[in-house]
Amino acid sequence: MVEGRRGLGQTFGNRTFTIANTLCMLLFSFLCAYPMWYILVLSFNEGQDAMMGGIYWWPREFTLGNYIVVLSNSIIAGAFWISVLRTVIGTVGSLLVTSMVAYALSRSELPGRRPITLFFLLIMLFSGGLIPFYIQLIDLNLINSFWVYIFPSLFSVWNMLVMRTSFRSNIPETVVESMKIDGAGYVRIYFTLILPYSMPLLAALGLFTAVGHWNDWFTGAFYVQDINLQPLPTYLQRVMSSVEASNMISASQINAAREASMYNPAAVTTKSVRMATIMLTTLPILLVYPFLQRYFVKGVLIGSVKE
């Protein structure tokens, strides 16, 4: 009888914990998702009406004028493609270069492997500072160039350490030795064995790298003066200022919104333009997450095994 009560008590405790845990997770999810939902609602609401307040869950006066104004700006189209190009090229290049270095350092026959690894650890912890880095970019003719987004970020010490641990711990040495006996060199082993075995890890690290490229506004703001070479996050940072947002609402853009028959003179304000720009900046990278979600846990755990 006592054992039956204890079993009932444990079952009640487990159910209580499950309910409490579920409620906490739902609350946390709501707190994370609602700010984005609020911005989305404001981006689809008439600007002057939104200034009156009281909009929380859905648009009160629906309009597409805010998006028409933003998309009719030719600069934002160019900024979008700059962001796409730097994200794709930067991510692929970073994974390729970093994985090559990690593969070399994972091989015990590499001379000076430990001193080289120690050197990489030192430069990860200590940097030369912003001014020396800027002078270096000038010497390399990368200032005001598209390649300033690519070359400085081709190698990541942290990703290299994760990849090196994964290569040493999860790829059987016997398979590597058998390929060497068959006449395969290091390059062939890298492309036919290392990369296919490490796809979950590369997908996880690649997503983190892509998000870093997409969200980087600092590089475009300080190292690129040509507005046609600035990425979308830098453009968003400029739009968040009242002057730049006001400049976006030109007469030609207002006419384009009016011709879409979804516009009235109060539909567009600087705040509504900001909300629409934020959504257009955030949406593309959010759409990537569902396709790589299944690689997260496996990819991160693969590189977390201690040597």
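Presented here is a report on the structure given in the accompanying data block. Every chain's residues receive numbers from 1 upward, in the order its sequence appears when written. Selection of residues for local features in this predicted model requires a pLDDT of at least 70, selection of side-chain atom pairs for listing and counting requires 80 or more, and totals for whole chains, interfaces and linings are taken over all residues. For side-chain calculations, the full set of non-hydrogen atoms in the structure is used, while hydrogens and water are omitted.

**Concerning the overall build of the protein chain**
Here a helix means four or more residues in a row that DSSP labels H or I, a strand means two or more in a row labelled E, and each is numbered from the N terminus. A count of helical and extended segments in the protein chain gives 16 helices and zero strands. Three labels apply to residues, based on accessible area from a 1.4 Å probe with only protein chains included: buried if under 20% of the type maximum, exposed if over 50%, partly exposed otherwise in between. Among the 307 residues that make up the protein chain, the fraction classed as buried is 38%. In this analysis, two residues are considered to be in contact whenever any of their non-hydrogen atoms come within 4.5 Å of each other. Within the protein chain, counting contacts between residues at least 6 apart in sequence, those at least 24 apart form 74% of the total. Each accessible area is a Shrake-Rupley estimate made with a 1.4 Å probe; only the visible protein chains count as cover when residues are assessed. Carbon and sulfur atoms make up 69% of the accessible area of the protein chain, which amounts to about 17900 Å² in all.

**Observations concerning the packing of aromatic side chains**
Only Phe, Tyr and Trp rings are paired, with Trp represented by its six-membered ring, and only when their centres lie within 6.5 Å; those with planes under 30 degrees apart are stacked, over 60 edge-to-face, the remainder tilted. A complete count under the given rule lists 21 aromatic pairs for this structure. Look at Phe119 and Phe120: their rings are 6.1 Å apart centre to centre, the planes differ by 50°, and that puts the pair in the tilted class.

**Section: the pattern of salt bridges**
A side-chain nitrogen of Lys or Arg and a carboxyl oxygen of Asp or Glu constitute a salt bridge if their distance falls within 4 Å. Counted according to the given criterion, the structure contains four salt bridges. Taking the shortest distance from any N to any O, the salt bridge between Glu173 and Arg107 comes out at 2.8 Å. Taken together, the residues span a long stretch of sequence, with Glu173 in helix α8 (residues 173–181) and Arg107 in the loop between α4 (74–106) and α5 (113–125) at a distance of 66 residues. Among the residues examined, Glu173 registers a relative accessible area of 38% and is labelled partly exposed. Taken together, the shared-partner salt bridges in this structure form one network comprising Arg107, Glu109, Glu173 and Lys180.

**Some remarks on the packing of helix α7 (residues 157–170) against helix α10 (residues 199–215)**
Packed helices, taken two at a time, are described by their axes: the angle between them and the distance between them. Simply put, an axis is a line fit to the C-alpha atoms, just over the touching stretch for a helix, and the angle between two N-to-C directions goes from 0 to 180 degrees. Contact geometry for α7 and α10: axes closest at 11 Å, N-to-C directions at 175°. Our classification of the angle between α7 and α10 gives roughly antiparallel. The segment α7 lies against α10, with Asn159, Val162, Met163 and Ser166 engaging Leu201, Leu202, Leu205 and Thr209. Under the convention adopted here, Pro, Cys and the residues Ala, Val, Leu, Ile, Met, Phe, Trp and Tyr are nonpolar, Asp, Glu, Lys and Arg are charged, and Gly plus all remaining residues are polar. Within the contact of α7 with α10, the residues separate by chemical class into five nonpolar, three polar and no charged. Note on terminology: angles under 35 degrees are roughly parallel, angles over 145 are roughly antiparallel, angles of 65 to 115 are roughly perpendicular, and the others are oblique.

**Thoughts on the environment of Val273**
Position of Val273 among the secondary structure elements: in helix α15 (residues 270–292). Val273 gets classed as buried once you look at its relative accessible area, which sits at 0%. Along the primary structure Val273 and Gly65 are separated by 208 residues, whereas in three dimensions their C-alpha atoms are 9.1 Å apart.

**Focus: the packing of helix α9 (residues 186–197) against α10**
Across the interface, α9 lies against α10 with an axial gap of 5 Å and an inter-helix angle of 65°. Our classification of the angle between α9 and α10 gives roughly perpendicular. The residues of α10 that touch α9, namely those facing Leu195, Pro196 and Tyr197, are Met199, Pro200 and Leu202. Taken together, the residues that form the contact of α9 with α10 break down as six nonpolar, no polar and no charged.

**Some thoughts on unusual backbone geometry**
With glycine set apart, most residues show a phi of negative sign, and most peptide bonds adopt trans. Of note, Asn141 is a non-glycine position whose phi angle comes to about 60°, a positive value. Note that Asn141 resides in the loop between α6 (130–139) and α7. The class for Asn141 is exposed, based on a relative accessible area of 64%. The backbone of Asn144 shows a phi angle near 60°, a positive value even though the residue is not glycine. In this fold, Asn144 is placed in the loop between α6 and α7.

**Thoughts on α5**
Here a helix's expected span is defined as the number of its residues, less one, multiplied by 1.5 Å. Look at α5: 19 Å from first C-alpha to last across 13 residues, which is about the 18 Å you get at 1.5 Å a residue. Residues of α5 that are buried include every one of Arg113, Thr117 and Phe120, and no others. Down the axis, α5 shows its buried residues gathered within 60° of arc, on one side only. Opposite its buried face, α5 presents the exposed residues Arg114, Pro115 and Leu125, each directed more than 90 degrees away. Here, the arc refers to the directions that run from the helix axis to the C-beta atoms.

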